[in-house]
Amino acid sequence: MELSKAKFNEDFEKALTRNFTKTPKTATDQEKYMALAHAVKEYYSEIWVEDNEYKDKTGTKQTYYFSIEFMPGRMLKSNLLNLGILDTVREALADLDTDLDVIAKNEQDMAIGNGGLGRLASCFMDSLASTGLPGNGNGIRYKYGLFKQRIIDGYQVELPDVWLTNGNPWEVRRPDKAVEVKFGGNVWMEDKGHGRYTPHFENQETILAVPYDTAMVGYENQTVNNLCLWRAELPEGEGAAHPSLDYMHDVDTLSAVLYPDDSNYAGRLLRLKQEYFFVSAGLQRIIKHFLKLGVPLSRIPEHVAVHINDTHPALCVPELMRLLMDEYEMSWESAWQLTVKTMSYTNHTIMAEAMEKWSEDMMRDLLPRIYQIVVEIDNRFVKEYTPKVGPTLVHNTRIIKDGNVHMANLSIIGSHSTNGVAKIHSDLLKDVVLHDFYVIFPERFNNKTNGIAERRWIQIANEELSSLIDETIGKSWRKNLNDLTVLKAFQDNPEVLDKLEIVKLHDKERLAKLILERNNVKVNPNAIFDVQVKRLHAYKRQLLNLLHIMKLYFDIKDGKAEDMVPRVFIFGAKAAPSYQYAKAIIKAINEAANMINNDPEVGDKLKVIFLANYNVSLAEQIIPAANVGEQISLASTEASGTSNMKFMLNGALTMGTLDGANIEIKDAVGDENIFIFGMDKDEVLEYYANGDYKSTDIYETNPVLKRVLDAFVDGTIPNIENEGREIFESMTTYNDEYFVLRDFDSYVEAQKRLETYYRDRHAWNRSCLLNIANAARFSSDRTVREYAEHIWQINPR
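Note that this is a predicted model, so its numbers are computed, not measured.

## Digging into the overall build of the chain
Scanning the chain from terminus to terminus reveals 31 helices and 23 strands. The C-alpha radius of gyration of the chain comes to 27 Å, within 12% of the 28 Å expected for a compact globule of 797 residues. Dimensions of the chain, computed from C-alpha atoms along their principal axes, come out at roughly 90 × 70 × 55 Å. Out of the 797 residues in the chain, the part that is buried amounts to 61%. A separation threshold of at least 6 residues defines the contact pool for the chain, and within that pool the share at least 24 residues apart is 76%. On the chain, roughly 30,800 Å² of surface is accessible, and the fraction owed to carbon and sulfur atoms is 48%. Computed over 91 positive and 116 negative side-chain charges, the separation of the two mean positions in the chain equals 3 Å.

Here it is, written out as structure tokens:
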């Protein structure tokens, strides 16, 4: 959009006066942020209205992306960038003695996501709008985030993540679009004749689902899509005037917190209730909107695509069936045909324990009509496919087995497409994890490698690097990331490589300042910044990283590291509140860090930093400063990963296993520009098949590793008597589930190669440049275009 500094200042001052009766000189930074957000919202609202009218008038087919979590981060700079007014607003605010960066820090991250699943969903929202594709998000407006992480005495402590204290200026509450969602009670079918049955209900609990819409603004175009987040409220009307305290609590709790603790029955019940809540509300709104187009419901797949992001929204399948049959009187056969054509599903995991399933009894009690429909889907699947593929395959793929409802099975059977999120992941789904389904439905399986939104992860997160790229190859890459490949022409240009190194140093200096402020540890910006930031889980192997750090510590103490390049190891990770083993690793990292950082013999050679409460905004400060990104999950366990792509785009080299998208990054950048170690998936699967792995043999025969592991139980690392014992026994007594000890020596050797390579500054900087130049392959713009063409069949405006 076109905007002058004078016009902006006028709008900004009006917003301050209207909302706070303040001027730029008297307003607080929080008030300035809110006023700025309101002004920006007015700028895109007209585009939003016009785009919605265009979509309705043309009957444009739209995608609805259902996800239990999104992780947008701060919206202010993203909206300014995408509207094309970021520089104008920055300069105009400077004229008012106001720093945009200072104001932006007053925005709270939207606490509606946790990790890679939510961040991917938000990248897709950005990319759908920025490529002009009509795609909308559907989720829950959580009152609290997962939790706010604090580290106290080395332990993770979970505090409420209250992100709505000052309101959310970007959302629009739409009570006129509210719908009722019903739970529990009794249901029976009444025979209406001619093979038709109508459900009747009694004693149901009714909750009002109210949508809050947030604009997803496209990059310098006319597309504004919608992220719809549902809040649970008390219904209006008869019977709602004097609700019980228990009922009011149930309603408030439903949209209160992301991922309730599922270690008990009440927590699991709440999770299932949340999943149905946002699925039912979203589908009801979609159908009501569709019917206003004046098109018969039988043509809904021509205008609507519903995407199931992981299994949390799997109830989309039976809920659409319920709506079509019970509310709109379709036959089972017609409703099923439309449902399968409308639904598509992304699988995000390989590990069996992460394949969601719910107790039959729980689903029957909470969602009696949905349970009936799921049972019928399962029965019809058995009846249709047993003659085609035999009883064994059908039994292995049934939705209902052993008293549980298997949500991945429901998603696959009830949709026309199932995709993995990296080539190795998709191959493992077809060959191992979901092989029986692949035999039955080979045409449904495909790969869509994940991607990242480059606007946030370089244009916003790393403005200095973006400016250097502009200076080197022009600005066309900002609209078409493929133009980054032009950088390859400068891979041996010493001037460009020197400038790239200076930009990285500046990023590291900024992060060093943050570390000093938050952790009270001074780090050397000239050291290698080696970063592992992701959810804390055993398979992601933060422990392997820590074992190597302890090995370096012992080398320094033994006088074997005189020529060592200084290293700063940086962690950012949350552990699920009930995941005690992951929390033990956090405690061990922090106690090792405290020991190492305060050892005068170690000095600046080695520092260990755990940055608490890792989220999108913190990632935007960490990732640009990284020299190395750690992607060290056991081969065959990480579906894709996306932090590897963010590091790559910011000129960091990957230290990784042949897992997830690491393989495709290796193919893109070449073997010499990545550090690969450890077993491949075939070696891992062979160990699983043979059952002959014995971690104690490695422990007893590898003196270096033995000394490192003993440090967890012999008092070397202080204050971890219980945690150290748990970690030690997991590696020995319980046979090292994720082969940390098996890959240790290979990891140490790869780290030595990395250090040697880092000493050659020209070669290192050349590799960094080539990583940036090849990053377009991992853009979420590319990914959503592939979804749009091959799965959703939607077209850009």
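Moving on, there is more to tell.
## Points about the environment of N597
In this structure, N597 sits in helix 21 (residues 580-597). Taking the relative accessible area as the measure of exposure, N597 reaches 14% and is therefore buried. Through-space distance from the C-alpha of N597 to that of V521 is 7.5 Å; in sequence the pair is 76 residues apart.

## Brief notes about the sheet that holds strand 18 (residues 528-533)
Spatially, six strands are ordered 20-19-18-21-22-23 in an open sheet, and the strand pairing comes out parallel. The open sheet has two free edges, formed respectively by strand 20 (606-610) and strand 23 (675-676), since each of these has just one partner strand. Here strand 22 (residues 653-656) runs beside strand 23; their pairing, made up of two bridges, is parallel. What sits directly across from M655, in strand 23, is F675. Packing of helix 30 (residues 761-773) onto the sheet brings it into contact with strand 21 (628-631), strand 22 and strand 23, and relative to strand 22 it is tilted by some 90°.

## Here we look at the sheet that holds strand 14 (residues 400-401)
If you walk across this open sheet you meet the three strands as 13-15-14, and the pairing is antiparallel. In the strand order of this sheet, the two ends are held by strand 13 (357-359) and strand 14, each with one partner. Pairing analysis gives three bridges linking strand 13 to strand 15 (residues 404-406), with the strands arranged antiparallel. Looking across to strand 15, one finds that K357 is bridged to H406.

## Here's the deal with the pattern of salt bridges
The tally for this structure, following the rule as stated, stands at 58 salt bridges. Across the salt bridge formed by R455 and D126, the nearest N and O atoms sit 2.6 Å from each other. Of this pair, R455 sits in helix 17 (residues 454-460) while D126 sits in helix 6 (residues 116-130), placing them 329 residues apart in sequence. For the pair shown, R455 and D126 are each scored as buried. For the salt bridge of R174 with D213, the shortest nitrogen-to-oxygen distance reads 2.6 Å. In this pair, R174 sits in the loop between strand 5 (171-173) and strand 6 (179-183) while D213 sits in strand 9 (residues 205-217), placing the two residues 39 residues apart along the sequence. Given a relative accessible area of 2%, D213 falls into the buried group.

## Observations regarding helix 18 (residues 463-473)
Every buried residue of helix 18 is accounted for by L465, S466, L468, I469, D470, T472 and I473. Summarising the contacts, the buried residues of helix 18 are in contact with helix 17, helix 19 (494-519), helix 23 (643-649) and helix 30. G474 sits one or two residues past helix 18 and shows a positive phi near 90°.

## Digging into the packing of helix 10 (residues 332-342) against helix 12 (residues 368-389)
Two elements in contact, helix 10 and helix 12, have axes separated by 13 Å at closest approach and are oriented at 85°. One way to sum up the angle between helix 10 and helix 12 is to call them roughly perpendicular. In contact with W332, E333 and W336 of helix 10, helix 12 contributes I373, E376, I377 and R380. Looking at the contact of helix 10 with helix 12 residue by residue, the class counts come to four nonpolar, no polar and three charged.

Rules used throughout
Per chain, the residues get numbers from 1 upward, laid out in the order the sequence is written. With the structure being a predicted model, the display of local features is reserved for residues of pLDDT at least 70 and the display and counting of side-chain atom pairs for 80 or more, all residues being used for whole-chain, interface and lining totals. As a convention, hydrogens and water are excluded, and side-chain values are obtained from all of the structure's heavy atoms. Comment: elements are numbered from the N terminus, with helices defined as DSSP H or I runs of at least four residues and strands as E runs of at least two. Computation of the radius of gyration draws on C-alpha atoms alone. For the globule rule, the value is 2.2 Å times the number of residues to the power 0.38. The buried label applies to any residue whose accessible area, calculated with a 1.4 Å probe on protein chains only, is under 20% of its type's maximum; exposed applies above 50%, and partly exposed to all values in between. Every residue pair with non-hydrogen atoms within 4.5 Å of one another is taken to be in contact. Accessible surface is estimated by sampling points in the Shrake-Rupley manner with a 1.4 Å probe; for residues, cover comes only from the protein chains shown. Neither His nor the chain ends contribute to the count of charged residues, in which Lys and Arg are positive and Asp and Glu negative. Taken as the charge centre is NZ of Lys, CZ of Arg, CG of Asp or CD of Glu, depending on the residue. Strand pairing follows a simple DSSP-based rule, namely that at least 2 bridges must link the two strands. Working convention: axes come from line fits to C-alpha atoms, limited for helices to the stretch in contact. Angles between N-to-C directions cover 0 to 180 degrees. The working definition used for a salt bridge is a side-chain nitrogen of Lys or Arg within 4 Å of a carboxyl oxygen of Asp or Glu. For classification purposes, an angle smaller than 35 degrees is called roughly parallel, one larger than 145 roughly antiparallel, one from 65 to 115 roughly perpendicular, and anything else oblique. Here the term charged refers only to Asp, Glu, Lys and Arg, the term nonpolar to Ala, Val, Leu, Ile, Met, Phe, Trp, Tyr, Cys and Pro, and the term polar to all other amino acids, Gly among them.

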